[in-house]
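The lines below spell out each chain.
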Amino acid sequence: MLVGRRAERARLQDALERARFGRGSLVLVSGEAGVGKTRLAAEVAEQSGALVLAGASSHSATPPYGPVAAALRSFLRAHPGGLDDCGPLHAHLALILPELGAPPPAGDRPTLFEAVRSAFAHIVRERHGLVVLDDLQWSDEATLELLSALGGDLGTLPLLVIGAYRSDGLPRDHGLRRLRNELRRAGHLDELTLGPLDLGETTELLAQGLGSAPSPSLVRAIHDRTQGVPFFVEELTAALRVSGSLKGGRRGLELAGDDHVPLPDTVRDAVLISASELSGQARAAAEAAAVAGEAFDLELVGQLSSEAGLAELVERGLINEDSGGTGRFRHALTREAIYADVPWLRRRALHRQLAEALEAAGAQSREIATQWLGARDGARALEALLRAAEESEAVHAYRDAAAAGRLALELWPEGEETERRAAALERHARCAQLAGELAEAVTAWRELAAIRETLAQGRAVADAHRRLAALHELRGDREAAFAAREAAAAIYASSGWPADAAVEHLAMANHMRSTASHSAAVQLARIAAEEAELAERLDLRLRALGLEGLAAAKHGDFEEGLEIVRSALARALEHDLTEVAAELYQRLGLVLYDSADYRRAEDALSAALDLCRAGGDAGTELACVTCMAYVLRERGDWRGAAEVNRDLIAAGTAVFVAQVLLGAIHGFQGKLASARRLLSAGNSAASRLRHYSMRVDSTASLAFVAAAEGADAEAVAHCGALLQHWGDSEDCHYAVWGLRWAAAFLARRGDLDGAHACAEALTRVASQTGHPDALAALAHALAETALAAGDADTAAEQLSRALDLHRTLDMPFERAQIELRAGVALNAAGERELALDRLSDAYRTARRLGARPLAAEAAREVAALGESVARSLGRRAAADAHGGGLSRREVEVVRLLAVGRTNREIAHGLFLSQRTVDMHVRNILGKLGCRSRVEAAHRAGELGLLA
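Residues numbered from 1 in each chain as written. Predicted model: local features only at pLDDT ≥ 70, side-chain atom pairs only at ≥ 80, totals over all residues. Heavy atoms only, no water.

## Focus: the environment of Pro103
The criterion, for reference: Under the scheme used here, helices are H or I runs from DSSP no shorter than 4 residues and strands are E runs no shorter than 2 residues, and both carry numbers assigned from the N terminus. The contact rule is simple, with two residues in contact once any of their heavy atoms fall within 4.5 Å.
One can find Pro103 in the loop between helix H3 (66-78) and helix H4 (109-123). Between the C-alpha atom of Pro103 and that of Ala432, which follows or precedes it by 329 residues, the distance is 24 Å. Beyond its immediate chain neighbours, meaning those up to four positions away, Pro103 contacts Ala91, Ala94 and Leu95.

Structure below.
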């Protein structure tokens, strides 16, 4: 009978009850070795009334999906043919259950996972189920990945899955840690940790084992030695009985010999004392079984020892026998103790005998490899590991395949069978990449490239460098990717494969474009075009022309670049090259939005997206979506842009781009905390990837946010970084808005040198492109320096010119910023009525966009004219202007008060301490003249602060 564990049993029984009503789950049960995880799960299963399936991992070798396959087989043994009608994916189950027939010729891991889910759903369609998967610390990786995928699906099934594992000694990179992290992120982690028994529970367990009450002194001695670990208590109890070390005492059983009989120091010692009474046949059978593993084939072990010996082990309870002809040690610690006590030479001989027998029986290669490793036969272990890697890859168990391949390569004799090693390396690299182990895949491809080079296999060397480039890009190391592509392109070009060389040069050109090295991008695109011409590949030539035109336009040769892209697009449409046409429409959109022609840019990107959905490339579609998000932001469709960016973040694609664009919008709206968080993350990624456009955009936006928060020193530092990034580039567009804003900010602080530096940068851009947005930005920058110097007339003239230029542009937020500053300059120049018009326009545009800080600033400037803000702009503008006397942070707090948040919840949402929020609430009540939070929220609504 299970001692203690009442709370733990109740928790598992509650989970089972929920499963009975169709709300299943995965519960992980953890604890140190011997603490009772298996026994707890067994007792819950016995009392559950559910259909119980069981499987376990083995330390010796667990094949891919081994525990889950074992659980499904336990169902099939009781219900032969029970999975025959489990749905259209039935055939895919044959990948892990070969007895079901031949698997389909093609498939993938998601399909296999869905087939397993469908099988479990079929099994529990009439009766709720319990699946117990034990010893997951030894699990194959594929099983853990399957459990992660099933975690959410179980919530709709009448099925509870219990996964038990040892938590002590779990390596940092163990798959269970990944499983727990993935379940936690998805909100599905439910874990039960078993601790040791207390003194009272140890007393109860001892009484069970001894058949009589123990004395307090014996309980204390055993509890101190075992630390309350149930298995150790039981084994130590058995050892004391066997050794005759107990006697009856006044208060119960106690140690004989005046308490001087030594207790076994370890579990191993206790197990060996208990096993000391085994016959010679049973001892030999125990040793063979221990070498075979925690679970083993009874017939096989019987052949290596004796059936009589096995029978004695079963009779003594050392091993258990199931209906499938499999034996299993009562506890893994028992097996470990016996295994460690087997003499080395005998252990090695047993491993060899087992390996040979398993090979003859056609067992799993991973299990055979484990036995050959134990036999110290590296050559035969290597062959089995290569087969294991191939078998694991075939069932989409890529992490297990990579692990087997890694071991095989480590065993490979140096300098032997180079061509065969290359094939093994290629499989290992492929599986490591599919498993997400990118660093290991890079190492494998590097070695493979070196081997191919020594064998003078030019094409294979170039292919290896191409794969390396793709891996480096996945890891975010774009410089290494560029170098790998450069090596691949050189080999392809010199070996007579111009089309492949063109593909690599196109990728290199695109990399240079993304770093704002546009002249280099033009040169690389021209090389790619020549190679495409040589290969007679019109599609590649048109792609190269599109990239050349885009880079030329970005370098300042706008008309020429625009014409190149349009010409290439016309030819792609003429020849029905849909995928190429989609890419060229995207290039056209980029050219147009670089010239701030956002309306036509949006039209081009929409056309590109239509072609992508009709059969274009997924990469082109993603590029179109990110570009569209940028265009929508500039055009003032912040709601649409925010929706696109949130979708990108949720999908995990182009996340840093979406973070920058969404962060900037939040900054413009005054949501400063979330803006800073998004922008900082996006800036970090953009800097690591050397992605120029998002790097300068995030830097400028961070400067904007810092200034709004009153962190002027930080804002100045960001302005300096922005200038540095622009100076290191050939950019004529992305930094324009940031340089314009920085010039205005620095001039207003009195930093005329900084403002002049920004204006000089804008002068170079404007003179090179002549684009209206650059000219307007330059006019604004010059106006701010003039206004700072006291020349209001020049400032008003320049700002009016900037507004004239903006009439051809669709950039409402920038126009509103310029209108506000024009109002200030006009008022300083004595043009009060015109100033009021400009400020009113700025306010209304800002309000329409949802740019509250800008609207509030415009309203305050109207108030500074001596005008009634309420009469000129409306009651809401008066609230914007005065804010009820509240600071920006206090406005954020009162809005959260109004929706019923507690101070603790507000502190959590705004990343503040509760003490700080308490202070803000007191200040709000005082400033608004209110006595309660409800009254303060009502007053804030009257002032328009909650809008």
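Next, the rest of the story.
## Regarding the state of the cysteines
For clarity, the threshold we go by: Cysteine sulfur atoms are paired as a disulfide whenever they fall within 2.5 Å.
As enumerated under the stated definition, the model contains 0 disulfides in all. Distance from the sulfur of Cys612, which forms no disulfide, to the nearest cysteine sulfur (Cys624) is 4.6 Å.

## Some points on empty space enclosed by the protein
Stated formally: Using a grid of 1 Å spacing that covers the protein atoms alone, one calls a set of points a cavity when a 1.4 Å probe fits there but cannot get out, and a pocket when the set is open and has protein on both sides within 12 Å along at least five of seven lines; lining residues are those with an atom within 4 Å of a point. Grid points are joined across faces, edges and corners, and a volume is the space filled by probe spheres set on the points.
Scanning all chains against the criterion turns up 3 cavities of 30 Å³ or more. In this structure, the largest cavity encloses a volume near 100 Å³. Along its surface, the largest cavity is lined by Arg633, Glu634, Trp638, Phe668, Trp737, Arg740, Met811, Phe813, Glu814 and Gln817. Those elements that place two or more of their residues in the lining of the largest cavity are helix H29 (618-635), helix H35 (736-748) and helix H39 (812-828). Ranked by residue count, the leading element in the lining of the largest cavity is H39, at 3 residues.

## So, the sheet that holds strand S1 (residues 25-31)
In plain terms, the rule: When DSSP locates at least two bridges between a pair of strands, those strands are taken to pair. Here the axes come from fitting lines to C-alpha atoms, over the contacting stretch only for helices, and the angles between their N-to-C directions go from 0 to 180 degrees.
Read from one edge of the open sheet, 5 strands run S2-S3-S4-S1-S5, paired in parallel fashion. Where the open sheet ends on each side, the last strands, each with one partner, are strand S2 (51-56) and strand S5 (191-193). Along the sheet, successive strands turn relative to each other by an average axial angle of 20 degrees, direction set aside. Lying over the sheet, helix H6 (residues 175-185) contacts S1, strand S4 (159-166) and S5, oriented at roughly 135 degrees with respect to S1.

## Points about the sheet that holds strand S8 (residues 295-297)
Read from one edge of the open sheet, 3 strands run S8-S10-S9, paired in antiparallel fashion. One side of each edge strand has no neighbouring strand; the edge strands of this open sheet are S8 and strand S9 (319-321). Between one strand axis and the next, the sheet turns through 30 degrees on average, direction left out of account. Across 3 bridges, S9 lies against strand S10 (residues 326-329) in antiparallel orientation. By the bridge assignment, Glu321 is partnered in S10 with Gly327.

## Structural notes on the packing of H39 against helix H40 (residues 832-849)
Threshold: Note on angle classes: values under 35 degrees are labelled roughly parallel, values over 145 roughly antiparallel, values of 65 to 115 roughly perpendicular, and the remainder oblique. Each crossing is labelled by how the near helix is turned from the far one, with a counterclockwise turn of less than a right angle marking it left-handed and a clockwise turn marking it right-handed. Here the nonpolar group is Ala, Val, Leu, Ile, Met, Phe, Trp, Tyr, Cys and Pro; Asp, Glu, Lys and Arg are the charged ones; every other residue, Gly included, is treated as polar.
The geometry of H39 relative to H40 is characterised by a closest axis approach of 8 Å and an angle of 155 degrees between their N-to-C directions. Relative to H40, the element H39 lies roughly antiparallel. Crossing of H39 against H40: the hand is left-handed. From H39, Pro812, Phe813, Ala816, Glu819, Leu820, Ala822, Gly823, Val824, Leu826 and Asn827 reach across to H40, where they touch Arg832, Leu834, Ala835, Arg838, Leu839, Asp841, Ala842, Thr845, Ala846, Arg848 and Leu849. Split into classes, the residues belonging to the contact of H39 with H40 amount to 13 nonpolar, 3 polar and 5 charged.

## Some details on helix H28 (residues 598-613)
We apply this condition: Given a helix with a known number of residues, its expected span is that number minus one, times 1.5 Å. Burial classes follow relative accessibility: with a 1.4 Å probe on protein chains only, a residue under 20% of its type's maximum area counts as buried, one over 50% as exposed, and anything between as partly exposed. It is the directions from the helix axis to the C-beta atoms whose arc is reported.
Its 16 residues place the ends of H28 22 Å apart at the C-alpha level, agreeing with the 22 Å of an ideal helix rising 1.5 Å per residue. Listing the buried residues of H28 in full gives Tyr598, Ala601, Glu602, Ala604, Leu605, Ala608, Leu609 and Cys612. Projected down its long axis, H28 carries its buried residues within an arc of 165 degrees, all on one side. Next to the buried residues of H28 lie helix H27 (578-594) and H29. Of the residues flanking the end of H28, it is Gly615, one or two places downstream, whose phi is positive at about 135 degrees.

## Quick word on the layout of surface pockets
Computed from the structure, the second largest pocket encloses a volume of approximately 1500 Å³. Considering the residues around the second largest pocket, the lining is formed by 47 residues, among which Arg478, Asn510, Arg513, Ala623 and His691 are closest to the centre. Secondary structure elements with two or more residues in the lining of the second largest pocket: helix H21 (458-474), helix H22 (478-494), helix H23 (498-514), helix H25 (538-554), H27, H29, helix H31 (655-669) and helix H33 (692-708). A per-class count over the lining of the second largest pocket returns 24 nonpolar, 11 polar and 12 charged.

## So, a negative patch on the surface
Put simply, the rule is: Candidates for patches are residues over 30% relative accessible area with no salt bridge; among them, like charges are joined within 9 Å and nonpolar side chains (Val, Leu, Ile, Met, Phe, Trp, Tyr) within 5 Å. Here the accessible surface of atoms and residues is derived via Shrake-Rupley with a 1.4 Å probe, and residues count as covered only by protein chains that are part of the display. A pair is scored as a salt bridge if a Lys or Arg side-chain nitrogen falls within 4 Å of a carboxyl oxygen belonging to Asp or Glu. Note that His is not counted, nor are the chain ends; the positive residues are Lys and Arg, and the negative ones are Asp and Glu. Think of each charge as sitting on NZ of Lys, CZ of Arg, CG of Asp or CD of Glu.
Among the surface-exposed residues, Asp791, Asp793, Glu797 and Glu831 lie close enough to one another that they form a single negatively charged patch. If you trace the backbone, Asp791 turns up in the loop between helix H37 (772-788) and helix H38 (792-806).

## Points about the side chain of Ser58
Inclusion rule: Polar contact criterion, stated in full: a pair of N or O atoms within 3.5 Å, where within protein one must be able to donate a hydrogen and the other to accept it, and residues adjacent in sequence count only if both atoms are side-chain atoms.
By secondary structure assignment, the location of Ser58 is in the loop between S2 and H3. A distance of 3.1 Å separates polar atoms of two side chains, one belonging to Ser58 and the other to Glu294. Contacts of Ser58, omitting those with residues within four sequence positions, involve Trp138 and Glu294.

## Considerations on the packing of aromatic side chains
Worth spelling out the cut-off: Side-chain rings of Phe, Tyr and Trp (the six-membered ring for Trp) are treated as a pair once their centres are within 6.5 Å; stacked means planes under 30 degrees apart, edge-to-face means over 60, and tilted covers the remaining angles. Charge-over-ring contacts are defined here by two conditions on Lys NZ or Arg CZ: a distance within 6 Å of the ring centre and an angle within 35 degrees of the ring normal.
Considering all chains together, one arrives at 13 aromatic pairs under this definition. Taking 5.8 Å as the distance between ring centres and 65 degrees as the angle between the ring planes, the aromatic pair formed by Phe296 and Phe329 counts as edge-to-face. In this pair, Phe296 sits in strand S8 while Phe329 sits in strand S10, placing the two residues 33 residues apart along the sequence. Taken individually, Phe296 and Phe329 each receive the classification buried, so the pair is uniform in this respect. Three or more aromatic residues joined by ring pairs form one cluster here, namely Trp638, Phe668, Phe704, Trp737, Trp741, Phe745 and Phe813. A cation over an aromatic ring shows up here: Arg347 above the ring of Tyr339, its NZ or CZ 4.7 Å from the ring centre. For Arg459, the ring lying beneath its charged end belongs to Trp497, and the centroid distance is 5.2 Å.

## So, the pattern of salt bridges
Here the structure, examined in full by the defined rule, presents 65 salt bridges. Between Arg452 and Glu419 there is a salt bridge, with the nearest N and O atoms lying 2.7 Å from each other. Placement of the pair is Arg452 in helix H20 (residues 438-454) and Glu419 in helix H19 (residues 418-434), with a sequence separation of 33 residues. According to the relative accessible area criterion, Arg452 is buried, its value standing at 10%. Glu892 serves as the salt-bridge partner of Arg889, at 2.7 Å between the closest nitrogen and oxygen. Here the residue Arg889 and the residue Glu892 both occupy positions in helix H44 (residues 888-898), the gap between them amounting to 3 residues, near one helical turn. Glu892 sits in the buried class, given a relative accessible area of 16%. Within the structure, one salt-bridge network assembled from shared partners comprises Arg109, Glu141, Glu145, Arg178, Arg399, Arg406, Glu437 and Glu440.

## A short note on helix H14 (residues 332-341)
Counting along an α-helix, one turn takes 3.6 residues, and residues three or four places apart therefore face a common direction. Here H14 has its buried residues at Ala332, Leu333, Thr334, Arg335, Ala337 and Ile338. Residues of H14 that are buried in the fold lie against S4, helix H9 (230-243), helix H10 (267-274), helix H11 (280-292) and S10.

## Description of the pairing of strand S3 (residues 129-134)
Taken across its 6 residues, S3 has 6 buried, putting it largely inside the fold. The alternating pattern of S3 places Gly129, Val131 and Leu133 and Leu130, Val132 and Asp134 on opposite faces, both of which are buried. Here S2 pairs with S3 via 6 bridges, running parallel. Residue pairing in the sheet places Leu51 in a bridge with Gly129 of S3. As paired elements, S3 and S4 share 5 bridges and run parallel to each other. Within S4, the residue paired with Val132 across the bridge is Ile162.

## With respect to the packing of helix H32 (residues 672-689) against H33
When two helices pack together, their arrangement is captured by the angle between the axes and the distance separating the axes. At a minimum axis separation of 9 Å, H32 and H33 run at an interaxial angle of 150 degrees. With respect to each other, H32 and H33 are oriented roughly antiparallel. As for how H32 packs across H33, the hand of that crossing is left-handed. For the pair H32 and H33, contact is made by Leu672, Ala675, Arg676, Leu679, Ser680, Asn683, Ala686 and Ser687 and by Met694, Arg695, Ser698, Thr699, Ser701, Leu702, Val705, Ala706 and Ala708, respectively. Taken together, the residues of the contact of H32 with H33 break down into 9 nonpolar, 6 polar and 2 charged.

## Remarks on the environment of Glu583
Assignment of secondary structure puts Glu583 in helix H27. Its relative accessible area of 10% is what places Glu583 among the buried residues. In the structure, Glu583 is positioned 26 residues away from Leu609 in sequence and 9.4 Å away in space, judged by C-alpha atoms. When near neighbours in sequence (up to four residues on either side) are disregarded, Glu583 contacts Arg543 and Thr620. A polar contact of 3.1 Å, which involves the side chain of Glu583, links it to the side chain of Arg543.

## Brief notes about the nonpolar core
Here is the rule we go by: Grouping buried Ala, Val, Leu, Ile, Met, Phe, Trp, Tyr and Cys residues that are joined through side-chain atoms within 4.5 Å yields what is termed a nonpolar core.
With 128 residues, the main nonpolar core has Leu588, Tyr593, Met694, Leu739, Trp741 and Phe813 as its most contacted residues. Among the elements that line this core, the one with the most residues is H33, at 10 residues. For Leu739, the residues in contact, after removing those within four places along its chain, are Leu722, Leu723, Trp726, Cys758, Ala761 and Leu762.

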